[in-house]
Amino acid sequence: MLTDHRTAQFAALGEQLEEQYWLYTEELTILTERLRDAAGEDTVTMATIAGCRRMLADTARALRHLAEGRYGSCETCQDAIPIARLEILPQARFCTRCQRDHPN
Ligand SMILES: [Zn+2]
């Protein structure tokens, strides 16, 4: 029963991830245009682009894991990541304990 409940919540998180994916893609397009207009001299935009790319990669990875049926497990200890954490950070790769060893 608990597993069914978790599966239902994963569907909602999947929608959140897809939405997030498109938002970051759009943002990346805008930022890339801004950087081109600044002729590559805008270090703030460059840093924002790097962060955006990382978010996009993490989101894409989470969507792939969801499709493969291994979403929501910590990549280090394989423990189930609590739903409360996934709701805040649906692209989370690690549980809170293991995250400490993987600073972003
Ligand atoms: Zn872990």
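As a starting point, this report considers the structure included with it.

1. Quick look at the environment of C98
Stage number 1. Here C98 is to be found in helix α4 (residues 96-99).
Stage number 2. On the basis of neighbour counts, which here come to 16 C-beta atoms within 10 Å, the residue C98 falls in the partly exposed class.
Stage number 3. Spatially, the C-alpha atom of C98 lies 7.5 Å from that of C77, the residues being 21 residues apart in sequence.
Stage number 4. Apart from the residues within four sequence positions on either side, C98 is in contact with C74, T76 and C77.

2. Thoughts on helix α2 (residues 43-68)
Stage number 1. The terminal C-alpha atoms of α2 lie 37 Å apart, and with 26 residues this matches the ideal 38 Å at 1.5 Å per residue to within 8%.
Stage number 2. Taken together, the buried positions of α2 are occupied by T45, T59 and A62.
Stage number 3. G69 lies just past α2 and shows a positive phi near 75°.

3. Points about the environment of C77
Stage number 1. Summarising the element assignment, C77 is placed in the loop between α2 and α3 (83-88).
Stage number 2. C77 sits in the exposed class, given 10 other C-beta atoms within 10 Å.
Stage number 3. C-alpha separation for the pair C77 and C95, spaced 18 residues apart in sequence, amounts to 8.1 Å.

4. Remarks on the nonpolar core
Stage number 1. Core analysis: the biggest nonpolar cluster contains 6 residues, these being L13, L17, A62, Y71, I81 and L86.
Stage number 2. In this structure Y71 touches F10, A62, H65 and L66, once residues within four positions along its chain are discounted.

5. Structural notes on the environment of L13
Stage number 1. Note that L13 resides in helix α1 (residues 2-37).
Stage number 2. Residue L13 is classed as buried on the basis of its C-beta count, with 21 C-beta atoms lying within 10 Å.
Stage number 3. For the pair L13 and I83, spaced 70 residues apart in sequence, the C-alpha to C-alpha distance is 9.3 Å.
Stage number 4. Not counting residues up to four positions away in its chain, the partners in contact with L13 are L86 and P90.

Definitions and limits used
- Residues numbered from 1 in each chain as written.
- Predicted model: local features only at pLDDT ≥ 70, side-chain atom pairs only at ≥ 80, totals over all residues.
- Helix = DSSP H or I, 4+ residues; strand = E, 2+ residues; numbered from the N terminus.
- Buried ≥ 20, exposed ≤ 12 C-beta atoms within 10 Å, placed from the backbone.
- Contact = placed C-beta atoms within 7 Å.
- Expected span 1.5 Å × (residues − 1).
- Core = buried A, V, L, I, M, F, W, Y, C linked by C-beta atoms within 7 Å.

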